[in-house]
Amino acid sequence: MWWFQQGLCILPVALVIWTAASFIFAYITAVMLKHVDPLVPYISDTGTMPPERCVFGIMLDISAFLGMATVYVRYKQVEALIGEHELKLKRLNRFGLLLGWISSFGMCVVANFQKTTIFSMHLVGAVLTFGVGALYIFVQTLLSLYMQPRVHSKTTYLIRLSIGVWTLSSIISMFVSSVIMYSSLRGVDVPQKMHWTPGETGYTAHLISTVSEWSLAFSFIMFFLTYIRDFQKIDLRAEAVLQSTHLYDLPPGNKRDSASESSSLLGGGT
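Structure report, in brief. Position numbers for residues start from 1 in each chain and track the written sequence from start to end. Totals for whole chains, interfaces and linings use every residue, but because this is a predicted model, local features are given only for residues with pLDDT of at least 70 and side-chain atom pairs only at 80 or more, for both listing and counting. Side-chain metrics in this entry use all non-hydrogen atoms of the structure; hydrogen atoms and water are not considered.

**Some details on a nonpolar patch on the surface**
Phase 1 of the analysis: Nonpolar side chains collect at one region of the surface, where Leu 168, Ile 172, Phe 175, Val 176, Val 179 and Ile 180 lie side by side and expose about 560 Å² of accessible area between them.
Phase 2 of the analysis: Helix numbering and strand numbering both begin at the N terminus, where a helix is a DSSP run of H or I of at least 4 residues and a strand a DSSP run of E of at least 2. As for its position among the elements, Ile 172 is in helix α5 (residues 154–184).
Phase 3 of the analysis: On the basis of relative accessible area, Ile 172 is assigned to the partly exposed category, the value being 49%. Candidates for patches are residues over 30% relative accessible area with no salt bridge; among them, like charges are joined within 9 Å and nonpolar side chains (Val, Leu, Ile, Met, Phe, Trp, Tyr) within 5 Å. The Shrake-Rupley method, run with a 1.4 Å probe sphere, supplies the accessible areas, and residue values consider only the shown protein chains as cover. The salt bridge criterion pairs a side-chain nitrogen of Lys or Arg with a carboxyl oxygen of Asp or Glu, the two atoms within 4 Å. For every residue, the accessible area obtained with a 1.4 Å probe (protein chains only) is divided by the maximum for its type, and the residue is called buried under 20%, exposed over 50%, and partly exposed between those limits.

Take a look at the structure:
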């Protein structure tokens, strides 16, 4: 058995590969068609113009679905690992599930509301994806702290903590540089601006902001990589529970039921 066939580790593997591919494919297409500058554009800019916009949206929607599935499996795994009396961890685990689903939904909003079309909705989606997603990372890191060394090693916790710090640093850098960029470009419709010239007003802040966004996105990807070993040790199954051996409202062959079904059609309406 190959390593990716063990348990459900294919979920985080697929999430990481598919999401990275959606970013890279949109970037290559947008650059080749000269829709954006080659030097670190915003991720959103690479999915703004057709045709890359269409593929970018579909691929991110699939990433959102994979994200929701991965977050749910993680929730079920933690639920099975912690004791019945550990109420604090149970509440924290449920909170993590909610945050993960909200962040995944935000990815759908980002994918389907381009910044050049409805900037306010795109911004809401970005806050849900990255802001709420960062909270999800810290909740999972906190769970890792409480579960080590009983469930997993301290190294796992430290790796997730390091990625959490990376995520927070990227958010702060992107926020500060974006504020500086917008304040220096008063009167300019920045969301519609796809091309930048080195040396122009706001260019340095723009570059720091875009680098921070890419750094933030890949910090998320790296975090889900830490789930691979954990997911090798879990399987979920759906069980069909039949309420009856047929799908009729009443048992087949019931004369009263048959008469009631045919009487209104054959009785002549009297």
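**Here we look at the layout of surface pockets**
Phase 1 of the analysis: Lining residues are those with an atom within 4 Å of a point, where the points come from a 1 Å grid over the protein atoms alone and group into cavities, where a 1.4 Å probe fits but cannot get out, or pockets, open sets with protein on both sides within 12 Å along at least five of seven lines. Grid points are joined across faces, edges and corners, and a volume is the space filled by probe spheres set on the points. Counted as a void, the largest pocket has a volume near 600 Å³.
Phase 2 of the analysis: Taken together, the elements giving at least two residues each to the lining of the largest pocket come down to α4 (119–147), α5 and α6 (203–225).
Phase 3 of the analysis: Across the lining of the largest pocket, the residue classes tally to 13 nonpolar, five polar and two charged.
Phase 4 of the analysis: By volume, the second largest pocket is sized at about 160 Å³.
Phase 5 of the analysis: Taken together, Arg 74, Gln 77, Ala 80, Leu 81, Val 151, His 152, Asp 230, Lys 233 and Ile 234 make up the lining of the second largest pocket. For this classification, the nonpolar set comprises Ala, Val, Leu, Ile, Met, Phe, Trp, Tyr, Cys and Pro, the charged set comprises Asp, Glu, Lys and Arg, and every other residue, Gly included, is treated as polar.

**A closer look at α5**
Phase 1 of the analysis: By definition here, a helix of n residues has an expected span of 1.5 Å times n minus one. Counted at 1.5 Å a residue, the expected span for α5 with its 31 residues is 45 Å, and the 45 Å between its end C-alpha atoms agrees.
Phase 2 of the analysis: If you check which residues of α5 are buried, you get Thr 156, Tyr 157, Arg 160, Ile 163, Gly 164, Thr 167, Ser 170, Met 174, Ser 177, Ser 178 and Met 181.
Phase 3 of the analysis: Contact definition: two residues touch when any of their heavy atoms are within 4.5 Å. Buried residues along α5 sit against α2 (52–81), α4, α6 and α7 (228–231).

**What to know about the packing of aromatic side chains**
Phase 1 of the analysis: Here a Phe, Tyr or Trp ring, Trp counted by its six-membered ring, pairs with any other such ring whose centre lies within 6.5 Å, and the pair is stacked when the planes are under 30 degrees apart, edge-to-face when over 60, and tilted otherwise. Tallied over the entire structure, the rule returns 13 aromatic pairs.
Phase 2 of the analysis: Arranged with centres 5.7 Å apart and planes meeting at 80°, the rings of Phe 130 and Phe 220 form a pair that is edge-to-face. Taken together, the residues span a long stretch of sequence, with Phe 130 in helix α4 and Phe 220 in helix α6 at a distance of 90 residues. Assigned by exposure class, Phe 130 and Phe 220 land together as buried.

**Comments concerning unusual backbone geometry**
Phase 1 of the analysis: Cis geometry marks the peptide bond from Pro 50 to Pro 51; its omega dihedral reads 10°.
Phase 2 of the analysis: Here Gln 148 and Pro 149 are connected by a cis peptide whose omega angle stands at 0°.
Phase 3 of the analysis: Take Pro 149: it is sitting in the loop between α4 and α5.
Phase 4 of the analysis: The phi dihedral of Lys 34 is positive, around 60°, even though this residue is not glycine.

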